[in-house]
Amino acid sequence: MKYRYETFGGIIASDAPPFLAFVDRQYMREQGLADSPLWSGSEEIGVLCAPTEVHLSVTNRCPSGCAHCYMSAGEADEAELSTDAFKEALGALAELGVFHVAMGGGEALAREDLFELAAYAREVGLVPNLTTSGHLMTPEVAERMTVFGQVNVSMDAVDGEPGYRAPSHFGKADAALTMLLSAGVPTGINCVVGRRSFDALPKLFEYCGSKGVNELELLRLKPAGRGGPTYSEEKTTHEQNKRLAPLLETLGNKWQVVAKIDCSFVPMLAYHRPDKEVLYRLATFGCEAGNVLLGGRSNGQISGCSFLDGTCVSVFELKEAWHASEELKRLRGFAATMAEPCASCHYLDICKGGCHAVSAYVTGDISAPDPDCPFVVEFGESAPKAAGPT
Ligand SMILES: C[S@@+](CC[C@H](N)C(=O)[O-])C[C@H]1O[C@@H](n2cnc3c(N)ncnc32)[C@H](O)[C@@H]1O
Ligand code: SF4
Ligand code: SF4
């Protein structure tokens, strides 16, 4: 069990079972931990001492060429960090108090030193997780994957159903999942949910249930990289956004699959007016870019999350920049400045105005309400229309 002091109390991380819990000062004391100098002010959860999780693109190299790829992956970045520089970056994150690094790309397995980096992450006390297409998986590679806390294979739909990848992808991803599961690796699936993959969800849940996959992680399609220009035709519709949360509950119960939505889908959950206390207890956060979460590019550049443009902060400057960077402060400040309907929304303190990567791309204003939140759409529909020409 690892812990980190925070102004409100602390964060506790366990490997088995894997969880991260935000706990109050009293709970920390009950664990036999001494009081912290951080505990002199308010107990509100505000700006953390460090992110809990950093999503690290270890390379931009990838042979798959997916049309929706938010990283526009293909060629390696000219300034891709070397093995030593990457280790230094991992050391810097561990020193800050980060718990998890989610390694991805590009295709992380295209980096020959991936296992060396993952082992180093463990050595410095970080839990490395991995997202992969599965295309480079072999039984030997799968055996080595036990260094990761969890490996997620990307699969948006089962064979023959509409997804975001080439038709040959399902067979390769299915084979990779079989190898990982038989090697005893905690394994999940990453599914990109957009207009075309939405109706394929029932069959994907059925597949997860029968395959014995740990977790189905549902990522909202975002307008970034190659996924930008087609976003308006590919994004989930308003009707799908309203149906999402009840559908996931039904399918999760039916197939006994743990389904997790990403931060950008929190508005679609809020639409069903869940109890806020339950959301807090389940640590369901909306946009936590630049606070709970950071993105890191293969050249060491830091962004608020993987879907946002990079900041001018590098991973090596993060210790000083975490509290000082104006760009990071701006990302953390959205909730205080949101326009209606977010300003009066009961869920604003959790949601933070929805996905700001979507707002930035669609409206040109990163601090605008998420244009696809069902509340925001209905608010727009109910607003008095400007008088037309007479
Ligand atoms: C960029 S990929 C890198 C890892 C690996 N190459 C793979 O295919 O899984 C990381 C994850 O982002 C998802 N993804 C790609 N483009 C996306 C987009 N525009 N919006 C949301 N998720 C996206 C992928 O499906 C994958 O699960
Ligand atoms: S902008 Fe915010 S809500 Fe959107 S993906 Fe990034 S952290 Fe999540
Ligand atoms: S109205 Fe704004 S704050 Fe409320 S759920 Fe929608 S995006 Fe989030």
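Worth saying up front: this structure is predicted, and the values here are computed from it rather than measured.

Okay, the packing of aromatic side chains next. Centre distance and the angle of the planes are the two values used to describe a pair of aromatic rings. By the definition in use, this model includes eight aromatic pairs. Each ring, one from Phe170 and one from Tyr207, has its centre 5.6 Å from the other, and the planes form 65 degrees; the classification is edge-to-face. Here Tyr207 lies in helix 7 (residues 201-211) and Phe170 lies in helix 5 (residues 169-182), a separation of 37 residues in the sequence. Owing to a relative accessible area of 11%, Tyr207 belongs among the buried residues under this scheme. With 5.3 Å between their ring centres and 55 degrees between their planes, Tyr271 and Phe375 make a pair best called tilted. Here the residue Tyr271 occupies a position in the loop between helix 10 (266-270) and helix 11 (276-281), and Phe375 occupies one in helix 17 (residues 374-382), the gap between them amounting to 104 residues. Across this residue pair, the class does not change: Tyr271 and Phe375 are buried.

Below, the discussion takes up the site of ligand 2. Around ligand 2 lies a shell formed by Lys222, Cys263, Ser264, Cys287, Ala289, Leu293, Cys305, Phe307, Cys355, His356 and Ala357. Taken together, the residues that form the shell around ligand 2 break down as eight nonpolar, two polar and one charged.

Under the definition given, this model contains 22 salt bridges. We note a salt bridge from Glu80 to Arg111, for which the minimum N-O separation is 3.5 Å. A residue pair is termed long-range when its members are at least 10 positions apart, and Glu80 in the loop between strand 4 (53-57) and helix 2 (83-96) and Arg111 in the loop between strand 5 (100-104) and helix 3 (114-123) qualify at 31 residues. Residues Glu215 and Lys260 are paired through a salt bridge, measuring 3.7 Å at the closest nitrogen-oxygen approach. Taken together, the positions of Glu215 in strand 9 (residues 215-220) and Lys260 in strand 10 (residues 258-261) put the pair 45 residues apart, joining distant regions of the chain. Several salt bridges converge on common partners, so that one network encompasses Arg220, Lys235, Asp370 and Asp372.

The 10 strands lie next to each other as 10-9-8-7-6-5-4-11-12-13, forming an open sheet whose pairing is mixed. Of all strands in the sheet, those bounded by a partner on one side alone are strand 10 and strand 13 (310-314). For this sheet, the mean inter-axis angle between neighbouring strands, taken without regard to orientation, is 25 degrees. Note: strand 9 against strand 10, four bridges, orientation parallel. Paired with Glu217 across the bridge in strand 10 is Lys260. Relative to the sheet, helix 3 contacts strand 5 and strand 6 (127-132), its axis offset from that of strand 6 by approximately 150 degrees.

This part covers the environment of Ala89. Along the chain, the position of Ala89 falls in helix 2. Its relative accessible area of 4% is what places Ala89 among the buried residues. With 145 residues separating them along the chain, Ala89 and Glu234 place their C-alpha atoms 36 Å apart. Setting aside chain neighbours within four positions, we find Ala89 in contact with Leu81, Val315 and Phe316.

It is worth spelling out the domain arrangement of the protein at this point. The domains assigned to the protein are domain 1 (2-40) and domain 2 (53-335). Together, the buried faces of domain 1 and domain 2 total about 670 Å²; carbon and sulfur atoms form 66% of this surface. Counting the contacts that link domain 1 with domain 2 gives one salt bridge. Of the charged contacts, one joins Arg122 and Asp15 as a salt bridge, the two residues approaching to 3.8 Å between their closest N and O atoms. At the surface where domain 1 touches domain 2, the tally comes to two residue pairs in polar contact (both at pLDDT 80 or more). Elements that contribute at least two residues to the side of domain 1 that touches domain 2 include exactly strand 1 (2-6), strand 2 (9-14) and strand 3 (19-24). With three residues, the top contributor of residues to the side of domain 1 that touches domain 2 is strand 1. Among the residues forming the side of domain 1 that touches domain 2, the class breakdown is five nonpolar, no polar and three charged.

One finds Met145 and Phe148 to be the most contacted residues of the largest nonpolar core, which totals 96 residues. Look past the residues within four positions of Met145 in its chain and what remains in contact with it is Leu109, Phe115, Leu130, Met137, Val151, Leu180 and Val185.

Our next topic: the pairing of strand 1. Pairing geometry for strand 1 and strand 2, over five bridges, is antiparallel. Following the sheet pairing, Tyr3 is matched in strand 2 by Ile12. Counted between consecutive antiparallel strands, the loop separating strand 1 from strand 2 contains two residues.

Moving on: the side chain of Ser14. For Ser14, the location among the structural elements is in strand 2. Within the local environment of Ser14, its side chain forms a polar contact with the backbone nitrogen of Ala16, the two atoms lying 3.4 Å apart. In terms of polar contacts, Ser14 uses its side chain to reach the backbone carbonyl oxygen of Pro17, at 2.5 Å.

What follows concerns the site of ligand 1. In the vicinity of ligand 1 there are 18 residues, among which His68, Gly106, Ser154, Arg165 and Lys222 approach most closely. Between Gly106 and ligand 1, the recorded distance is 2.9 Å, taken from a backbone N or O atom to a nitrogen atom. Within the side chain of Asn190, one N or O atom sits 3.1 Å away from an oxygen atom of ligand 1. Contact with the protein chains removes 95% of the 550 Å² of surface that ligand 1 exposes when unbound.

Looking at the element boundaries, Lys87 is found in helix 2. Under the relative-accessibility criterion, Lys87 is labelled buried at 19%. The residues touching Lys87, leaving out its near neighbours within four places in the chain, are Glu116, Leu117 and Tyr120.

The rules behind each value
- Residues numbered from 1 in each chain as written.
- Chains lettered and ligands numbered in written order.
- Predicted model: local features only at pLDDT ≥ 70, side-chain atom pairs only at ≥ 80, totals over all residues.
- Heavy atoms only, no water.
- Phe/Tyr/Trp six-rings, centres within 6.5 Å; stacked < 30°, edge-to-face > 60°.
- Helix = DSSP H or I, 4+ residues; strand = E, 2+ residues; numbered from the N terminus.
- Buried < 20%, exposed > 50% of the residue type's maximum accessible area, 1.4 Å probe, protein only.
- Near = heavy atom within 4 Å.
- Nonpolar A, V, L, I, M, F, W, Y, C, P; charged D, E, K, R; others polar.
- Salt bridge = Lys/Arg side-chain N within 4 Å of Asp/Glu carboxyl O.
- Pairing = 2+ DSSP bridges.
- Axes fitted to C-alpha atoms, helices over the stretch in contact; angles between N-to-C directions.
- Contact = heavy atoms within 4.5 Å.
- Domains from an automatic or database assignment.
- Buried area = accessible area lost by both parts, 1.4 Å probe.
- Polar contact = N/O pair within 3.5 Å; in protein donor to acceptor, adjacent residues only side chain to side chain.
- Core = buried A, V, L, I, M, F, W, Y, C linked by side-chain atoms within 4.5 Å.
- Areas by Shrake-Rupley, 256 points an atom, 1.4 Å probe, with all protein chains shown as cover.

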